[in-house]
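Observations on the three-dimensional arrangement
Listed here are the chains, written in short residue letters.
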Amino acid sequence: MERSRPLGPALPPYEPLAEGLDMEGLPRSTVVSVEPPPPPPPRDHLAWSLCTTLYANICCLGFMALVFSVKSRDRKVLGDYSGALSYGSTAKYLNITALLLNIFLVILLIALIASGTIVMVNIFNQEHQSLLGPT
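Predicted model only: the values in this text are computed from it and were never measured.

In low-pLDDT segments, the atomic positions of the prediction should not be examined closely. Of the residues in the protein chain, 82% reach a pLDDT of 70 or more, and the chain-wide mean stands at 85. By mean pLDDT, the top-scoring element of the protein chain is helix 2 (residues 61-78) (95), and the lowest-scoring one is helix 3 (residues 81-132) (91).

Turning our eyes to something else, we now look at a nonpolar patch on the surface. Nonpolar side chains collect at one region of the surface, where Trp48, Tyr93, Ile96, Leu99, Leu100, Ile103 and Ile107 lie side by side and expose about 670 Å² of accessible area between them. Element by element, the count of residues in the nonpolar patch is highest for helix 3, at 6 residues. Checked against the element boundaries, Ile107 lands in helix 3. The class for Ile107 is exposed, based on a relative accessible area of 53%.

For the rest of this paragraph, the subject is the side chain of Thr52. Mapped onto the elements, Thr52 comes out in helix 1 (residues 46-55). Look at Thr52 and you get buried, because its relative accessible area is 7%. Every residue in contact with Thr52, bar those within four places of it in the chain, is listed here: Asn57, Gly62, Asn95 and Ala98.

This part covers the pattern of salt bridges. Any two side chains of opposite charge can pair, so long as their charged atoms come close to each other. Following the criterion strictly, the structure yields 3 salt bridges and no others. The shortest N-O distance in the salt bridge between Lys76 and Asp44 comes to 3.8 Å. Of the two residues, Lys76 is situated in helix 2 and Asp44 in the segment before helix 1; the sequence distance between them amounts to 32 residues. Assessed through its relative accessible area of 22%, Lys76 is described here as partly exposed.

Following the UniProt record, one finds the feature "transmembrane region" (unreviewed entry) at residues 46-68 and 99-124. End-to-end, the C-alpha atoms of residues 46-68 are 9 Å apart, and along that stretch the chain is 78% helix and 0% strand. Measuring from the first to the last C-alpha atom of residues 99-124 gives 37 Å, for a span that is 100% helix and 0% strand.

Calculation notes
Residues numbered from 1 in each chain as written. Predicted model: local features only at pLDDT ≥ 70, side-chain atom pairs only at ≥ 80, totals over all residues. Heavy atoms only, no water. pLDDT = per-residue confidence, 0-100. Helix = DSSP H or I, 4+ residues; strand = E, 2+ residues; numbered from the N terminus. Patch = residues over 30% accessible without salt bridge, like charges linked within 9 Å, V, L, I, M, F, W, Y side chains within 5 Å. Areas by Shrake-Rupley, 256 points an atom, 1.4 Å probe, with all protein chains shown as cover. Salt bridge = Lys/Arg side-chain N within 4 Å of Asp/Glu carboxyl O. Buried < 20%, exposed > 50% of the residue type's maximum accessible area, 1.4 Å probe, protein only. Contact = heavy atoms within 4.5 Å. UniProt positions renumbered as here; feature names shortened; annotations may be inferred.

This is the structure we're talking about:
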């Protein structure tokens, strides 16, 4: 069955203003108060601390960073965002320190190996020259 529509003119979805009335006397907008979204929770750097602990635990800095990261996560769960931010920033600085020390030690190791190789080649060349005698 089809629905039958009235054959009269279609009505607009709003009511037209009465004659002689303008928009000056009517409210223009509605204000809705919305609470601002809560700030994002502070980062705890747990994954970074775990990698630092497993792969670059120089002077136990990685383990200390892991401890501070876990403390930061505990504070975040309890809702203490300032404590979580403090522990998280400490974990970040410990991770950065461990990373810089590891980079320095790798560069130092490469330099020592390279210089030791050069010294060994020079010693080998000197002994090879002494075995052949003066030419």
